[in-house]
Amino acid sequence: MGRLFDGPWPIVIIIIVALLLFAAPKLPAMARSLGQSMRIIKSEVKEMKNDGKPEAKDGSDPVEGKIVNHPQAKTQNGEPTDGTDVPPSNRV
């Protein structure tokens, strides 16, 4: 009996088998929870790294704009406009 517990591998195998036998229905939920926790930790670490840095304008932020001299913009009576006074549903 002393040879069974001489190394760590037999104990690890026994623990894995016991987990599979008694906790099998809960394993998917545990794995999902672990994945969510890892994502949260990863995002928090990323935020901590970028905490002191100023944000750079890389053009990915939304920009408000308007159409100026759009060639196909026309009003309901067919007159061309600059595109700013035509609602989006009537634009071509």
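The rules we used
Residue positions are given per chain, counted from 1 along the sequence in the order it is written. Where totals are concerned, whole chains, interfaces and linings use all residues; where local detail is concerned, this predicted model gives features only for residues with pLDDT of at least 70, and gives and counts side-chain atom pairs only at 80 or more. Each side-chain value is worked out from all heavy atoms of the structure, with water and hydrogens disregarded. Secondary structure counts use DSSP, requiring at least four H or I residues in a row for a helix and at least two E residues in a row for a strand, with both numbered from the N terminus. Between buried and exposed lies partly exposed: a residue is buried under 20% and exposed over 50% of the maximum accessible area for its type, with that area taken using a 1.4 Å probe on protein chains only. Calculation of accessible area relied on Shrake-Rupley with a 1.4 Å probe; when residues are assessed, cover is drawn exclusively from the protein chains displayed. Patch criteria: residues need more than 30% relative accessible area and no salt bridge. Like-charged residues are merged within 9 Å; nonpolar side chains of Val, Leu, Ile, Met, Phe, Trp and Tyr are merged within 5 Å. By convention in these notes, a salt bridge is any Lys or Arg side-chain nitrogen within 4 Å of a carboxyl oxygen on Asp or Glu.

**Section: the overall build of the protein chain**
When helices and strands are counted, the protein chain shows 2 helices and 0 strands. The burial tally for the protein chain puts 5% of its 92 residues in the buried class. Surface summary for the protein chain: the accessible area is close to 8,700 Å², and the carbon and sulfur share equals 61%.

**Focus: a nonpolar patch on the surface**
Nonpolar side chains collect at one region of the surface, where Leu4, Phe5, Ile11, Ile14, Ile15 and Leu19 lie side by side and expose about 520 Å² of accessible area between them. Leu4 sits in the partly exposed class, given a relative accessible area of 40%.

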